[in-house]
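Listed here are the chains, written in short residue letters.
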Amino acid sequence: KPFLYAAALSNGLTASSLINDAPILFEDKMLEDKWRPRNASGRFYGPTRLREALLQSRNLVSIRLLRKVGIEKVRKYSENFGFKQEHLPSDLSLALGTASLSPLNNASAYSVFANGGKSVESYFIERIVDRFGEIIFEKEESEVNQAIDTRIAFIVKDILQEAARRGTAKKVSVLERKDLAGKTGTTNEAESTWFTGFNDHLVASVWVGFDQPKPLGRNEFGST
């Protein structure tokens, strides 16, 4: 969802733009005969500002937002975070995070928000030294690219910091720190649950699930 909302901001919407959080029914053969998405709470909240929708992870607002901005525009914009278009669904389920990602891919994508809109190349090995202390390999400094507008990165980061205080990531507030931002994620049937948190210096992405996907339980969410 943060990447969708960043795309919306880049297309002229603001954090205070209103989208209706109300029941919706789709007939889409790419998804199911009839698709009735809902919020995790099962409730509907009416006209909702984008800031509130993101920090509370409102599914119905996100779906309507994706439809408003355009699926292909969002898929294209997502390349700025290191996503490959062929790995992103080309239907409205994209708004709910149905793409399959590794924790490393996820952390790399969120690092754009943590780093003022600049992309950071991930790597595993920084240096190899032989038994004589000679460096036989050292990772070269990679170029830092401005992936998205600094102002958009700031707004999304600010919203996710609020999410860590009173939104879906509010359990982080037990640490009593104002620099932390976070976003939870829960797939259908809670087969995968996610939490990604960051500040200006570190990004961590945690996935919980089974090697052979199966539900974790009715009361499990990224926030738990």
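Right, let's walk through the structure included here. All values reported here derive from a predicted model rather than from experimental measurement.

Rules behind the numbers
- Residues numbered from 1 in each chain as written.
- Predicted model: local features only at pLDDT ≥ 70, side-chain atom pairs only at ≥ 80, totals over all residues.
- Heavy atoms only, no water.
- Helix = DSSP H or I, 4+ residues; strand = E, 2+ residues; numbered from the N terminus.
- Rg over C-alpha atoms; globule rule 2.2 N^0.38 Å.
- Buried < 20%, exposed > 50% of the residue type's maximum accessible area, 1.4 Å probe, protein only.
- Lys, Arg positive; Asp, Glu negative; His and termini not counted.
- Charge placed at Lys NZ, Arg CZ, Asp CG, Glu CD.
- Salt bridge = Lys/Arg side-chain N within 4 Å of Asp/Glu carboxyl O.
- Core = buried A, V, L, I, M, F, W, Y, C linked by side-chain atoms within 4.5 Å.
- Contact = heavy atoms within 4.5 Å.
- Phe/Tyr/Trp six-rings, centres within 6.5 Å; stacked < 30°, edge-to-face > 60°.

## Comments concerning the overall build of the protein chain
- A count of helices and strands for the protein chain gives 6 helices and 11 strands.
- For 224 residues, the compact-globule formula gives about 17 Å, and the C-alpha radius of gyration of the protein chain, at 19 Å, lands near that figure.
- Counting only C-alpha atoms, the protein chain reaches 65 × 40 × 40 Å along its principal axes.
- Relative to its 224 residues, the protein chain shows a buried fraction of 42%.
- Taken as two groups, the 31 positive and 28 negative side-chain charges of the protein chain have centres that lie 9 Å from each other.

## Structural notes on the pattern of salt bridges
- Per the counting criterion, the structure on display carries 11 salt bridges.
- Of the charged contacts, one joins Arg75 and Glu72 as a salt bridge, the two residues approaching to 2.9 Å between their closest N and O atoms. Taken together, the residues Arg75 and Glu72, both in helix α4 (residues 71–77) and 3 residues apart, mark about one turn of the helix.
- Judged by relative accessible area, which is 11%, Arg75 ranks as buried.
- By relative accessible area, Glu72 is classed as partly exposed at 45%.
- In this structure, Glu121 engages Lys139 in a salt bridge whose closest nitrogen and oxygen atoms are separated by 3.9 Å.

## Quick word on the nonpolar core
- Residues Tyr5, Leu65, Leu66, Phe81, Phe113 and Ile148 are the most contacted members of the largest nonpolar core, which totals 47 residues.
- Mapped by element, the contributors of at least two residues to this core are α1 (2–10), α2 (50–55), α3 (59–69), α4, α5 (103–114) and α6 (150–166).
- In terms of residue count, α1 provides more of this core than any other element does, 7 residues in total.
- Other than its neighbours up to four places away in sequence, Phe113 contacts Pro2, Phe3, Ala6, Phe81, Ile148, Ala153, Val156, Lys157 and Phe198.

## A word on the packing of aromatic side chains
- This structure, assessed with the given rule, holds 8 aromatic pairs.
- Here Phe3 and Phe83 contribute two aromatic rings whose centre-to-centre distance is 5.0 Å and whose plane-to-plane angle is 80°, an arrangement assigned as edge-to-face. With Phe3 in helix α1 and Phe83 in the loop between α4 and α5, this residue pair connects regions lying 80 residues apart in the sequence. Here Phe3 matches Phe83 in class, with each residue buried.
- Ring centres 6.2 Å apart and planes at 75° place the aromatic pair Tyr110 and Phe113 in the edge-to-face group. Here Tyr110 pairs with Phe113, and both are found in helix α5, just 3 residues apart, close to one helical turn.
- By the ring-pair criterion, three or more aromatic residues cluster together here, those being Phe3, Tyr77, Phe81, Phe83, Tyr110, Phe113 and Phe198.

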